[in-house]
Amino acid sequence: METLISTSDPDQLSTGENAPDLGSISFDASLSTSLPQPSPLSLEERFALVRSVGEECIQEDELRNLLSKKPNPICYDGFEPSGRMHIAQGVMKTINVNKLTSAGCTIKIWIADWFAQLNNKMGGDLKKIRKIGEYLIEIWKAAGMRTEKVEFLWSSNEINSRADEYWPLVMDIARKNTLSRIIRCSQIMGRSEQDELTAAQIFYPCMQCADIFFLKADICQLGMDQRKVNVLAREYCDDIKRKNKPIILSHHMLPGLQQGQEKMSKSDPTSSVFMEDEEAEVNLKIKKAYCPPKIVEGNPCLEYINYIIFPWFRKFEVVRNEENGGNKTYASMEDFVLDYESGALHPADVKPALSKALNEILQVFHLLFSYEMVV
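Conventions used here
- Residues numbered from 1 in each chain as written.
- Predicted model: local features only at pLDDT ≥ 70, side-chain atom pairs only at ≥ 80, totals over all residues.
- Heavy atoms only, no water.
- Phe/Tyr/Trp six-rings, centres within 6.5 Å; stacked < 30°, edge-to-face > 60°.
- Helix = DSSP H or I, 4+ residues; strand = E, 2+ residues; numbered from the N terminus.
- Buried < 20%, exposed > 50% of the residue type's maximum accessible area, 1.4 Å probe, protein only.
- Lys NZ or Arg CZ within 6 Å of the ring centre and 35° of its normal.
- Contact = heavy atoms within 4.5 Å.
- Pairing = 2+ DSSP bridges.
- Axes fitted to C-alpha atoms, helices over the stretch in contact; angles between N-to-C directions.
- Core = buried A, V, L, I, M, F, W, Y, C linked by side-chain atoms within 4.5 Å.
- pLDDT = per-residue confidence, 0-100.
- Right-handed = clockwise from strand over helix to strand, strands pointing away.

A word on the packing of aromatic side chains. Applying the stated criterion across every chain, the model contains 10 aromatic pairs. Plain terms: the ring middles of Phe-115 and Tyr-204 are 5.2 Å apart, the flat faces sit at 85° to each other, and that makes the pair edge-to-face. Here Phe-115 is found in helix α4 (residues 113–118), whereas its partner Tyr-204 is found in helix α9 (residues 199–214), with 89 residues between them in sequence. Here the two residues Phe-115 and Tyr-204 agree in accessibility, since each one is buried. Consider the rings of Phe-316 and Phe-336, whose centres lie 5.5 Å apart with planes at 90°: the pair is edge-to-face. Residue Phe-316 is located in strand β7 (residues 316–318), and its partner Phe-336 is located in helix α13 (residues 333–342); the two are separated by 20 residues in the primary sequence. In this structure Phe-336 comes out as buried when scored by relative accessible area, which is 0%. In this structure an aromatic cluster arises from ring pairing among Trp-110, Tyr-166, Trp-167 and Phe-214. Here Arg-64 stacks its cationic end above the ring of Phe-47, 3.9 Å away from the centre of that ring. For the cation-ring pair, Arg-162 lies above Phe-214, with the distance from its terminal atom to the ring centre recorded as 3.9 Å.

This next bit is on helix α1 (residues 43–51). Within the span of α1, buried status applies to Arg-46, Phe-47, Leu-49, Val-50 and Arg-51. Those residues of α1 hidden inside the fold are in contact with β1 (56–58), α2 (60–69), α3 (87–102), β5 (219–223) and β6 (247–251).

Quick look at the sheet that holds β1 now. Pairing is mixed in the open sheet, where six strands are placed in the order β1-β6-β5-β2-β3-β4. On the outer flanks of this sheet lie β1 and β4 (150–154), each paired with one strand and no other. Going from strand to strand, the sheet's axes swing by 20° on average, the running direction of each strand aside. Summarising the sheet, strand β3 (residues 106–111) and β4 pair through five bridges and their orientation is parallel. Within β4, the residue paired with Ile-109 across the bridge is Phe-152. Each of β2 (74–79), β3 and β4 touches helix α5 (residues 126–142); the most contacted strand, β4, lies at about 170° to it.

A separate point is the side chain of Asp-172. With respect to the secondary-structure elements, Asp-172 resides in helix α7 (residues 163–175). What makes Asp-172 buried here is its relative accessible area of 14%.

Another aspect to go through is the nonpolar core. One finds Ile-87, Tyr-304, Ile-308, Phe-316, Phe-336 and Leu-358 to be the most contacted residues of the largest nonpolar core, which totals 72 residues. Looking at this core, the element that brings in the most residues is helix α14 (residues 347–368), giving nine residues. Leu-169, Leu-215, Leu-222 and Val-229 belong to the second largest nonpolar core, which has 29 residues in total.

Parts of the model with low pLDDT should not have their predicted coordinates read in detail. Confidence in the prediction of the chain, expressed as mean pLDDT, is 84, and 84% of residues score 70 or more. For residues 1–36, every residue scores under 50 in pLDDT, and the model assigns this stretch 92 contacts once sequence neighbours within four places are set aside.

Time to look at the pairing of β2. Of all the six residues making up β2, five are buried; the element is thus mostly covered by neighbouring parts of the structure. As paired strands, β2 and β3 are joined by six bridges and run parallel to one another. What sits directly across from Gly-78, in β3, is Trp-110. For the handedness criterion, the β-α-β arrangement of β2, α3 and β3 is classed as right-handed. Alignment of β2 against β5, held across two bridges, turns out to be parallel. Bridging from a neighbouring strand, Cys-75 pairs with Ile-219 of β5.

What follows is the structure in structure tokens.
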């Protein structure tokens, strides 16, 4: 039975049930989720929907103006095919892409295989990197990403086919920036300014900045960790006297599951839930996760509930004994937070409920995918 969603509420436009089109994958559609076809949206509804994707937007007035003049703006997103997919990359990206396409956007997802090689991912083996890229695309399809308005573009193919356009742009960006300015963008590679970078990694920010213009992107829809290079692109527009700057729409970054981990890490399997994690793995990770009583700020379990569970299910169900308060279903994060901050809801109630919800989302991937089979 299809879940009905109001198109006037941006947070409701994420996923529903019964995904009809999952590309080359065939399985019981009742196990997956998809966004129902939305009715036409007004300008303000489109703006609210697109804006809801970003934790930060540079600049909101430019975004509203863009949407008023362009029915199908181009959103640029990209990823390095560099290993396993954690749940933020899988589920949050699916939710965000579905929101953007529902608002009329065309999404260009840049499969940055050359960038992964520059960053020495998968040992720099381009064949392995390509396999990982194909694997990640299939996960998004299985998660219910609406791909009718999504283009998956391999950087190596696109750059080779238009090299005469791409490399002069990269060189011009490099000429107009100092080495120290480029190094400050090293965060986009998961590096710090103090790391010893290879010469190849110095190319990386100049190329990623060039990608934005190469793909004719109106909106840069990337994580907060990519903010510096997106700002670099706007500054480059000043250098070349270009008026229409790319709008930066930076989505929230989920923290790691352990205390003090600002973001998930693929190199630390305990820091996040991965899309192919089995039920027992999810249960153990959430059981060990940092979840201080009555504390909302910096609580990774509550971040998962806010950014994954509520957008996916539009509710959060807690099952507990009558003497502990009985079962309760929360319809909003605000109501949930009130109970948690007051102590009416304890971490011992929250963690099993979170594990159960995550395992419901991930059950289809246990049937379909094995990361070890890919690599």
